[in-house]
Amino acid sequence: MGIIRLMLVVGVLVVAYFLLRSAIREFRGLKGPFQPPASREDMVQDPVCKTYVPRGSAVSADVGGQTYLFCSRDCADTFQKQVGQS
Ligand SMILES: [Zn+2]
């Protein structure tokens, strides 16, 4: 009787283990692979200080017929001066 009871306990443990493992897999599948936030796509890099700023709050300036985006008016002025000098 002892052996049968032991086998039952082991069987229950094995079933519990597989159920737990599949549950963890399902949970991980729901989360999916890491993806950067969508807002990251709307980030633009300031060509002067190399800072990333949201497109919506970036300062735009036309330099040499092209539109550039900056983190601040100061960076836009710096860029315009740099382009003007060269
Ligand atoms: Zn800047």
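Here, every reference points to the structure presented above.
Draft legend 1. Structural context of the overall build of the protein chain. What the protein chain contains, in helices and strands, is two helices and four strands. Listed N to C, the secondary structure of the protein chain is α-β-β-β-β-α in terms of helices and strands. Counting every position in the protein chain, which comprises 86 residues, the buried fraction comes to 13%. Intrachain contacts of the protein chain at a sequence separation of at least 6 include 19% that bridge at least 24 residues.

Draft legend 2. Region of the structure containing the coordination of the zinc ion. Surrounding the zinc ion are the protein donor atoms D46 (OD), C49 (SG), C71 (SG) and C75 (SG), at 2.1 to 2.2 Å. One can describe the site at the zinc ion as tetrahedral: its four donor atoms subtend angles covering 94 to 119° at the metal. On the basis of relative accessible area, C75 is assigned to the buried category, the value being 10%.

Draft legend 3. Structural view of the nonpolar core. Core analysis: the biggest nonpolar cluster contains seven residues, these being V59, A61, V63, F70, C75, A76 and F79. Elements that contribute at least two residues to this core include exactly strand 3 (59–63) and helix 2 (73–85). Contact partners of C75, with chain neighbours within four places excluded, come to D46, V48, C49 and F70.

Draft legend 4. Structural detail: the pairing of strand 3. A one-sided burial pattern is seen for strand 3, the buried positions being V59, A61 and V63 and the unburied ones S60 and D62. Direction of pairing for strand 3 relative to strand 4 (residues 66–70): antiparallel, over a ladder of five bridges. Across the sheet, residue D62 finds its bridge partner in strand 4, namely T67. The antiparallel pairing of strand 3 with strand 4 creates a hairpin that spans two residues between the two strands, and G64 there sits at a positive phi of about 60°.

Rules of the game
Residues numbered from 1 in each chain as written. Predicted model: local features only at pLDDT ≥ 70, side-chain atom pairs only at ≥ 80, totals over all residues. Heavy atoms only, no water. Helix = DSSP H or I, 4+ residues; strand = E, 2+ residues; numbered from the N terminus. Buried < 20%, exposed > 50% of the residue type's maximum accessible area, 1.4 Å probe, protein only. Contact = heavy atoms within 4.5 Å. Donors = N, O, S within 2.8 Å, 3.2 Å for Na, K, Ca; no water. Tetrahedral: all angles 85-135°; square planar, octahedral: opposite > 155°, others 65-115°. Core = buried A, V, L, I, M, F, W, Y, C linked by side-chain atoms within 4.5 Å. Pairing = 2+ DSSP bridges.

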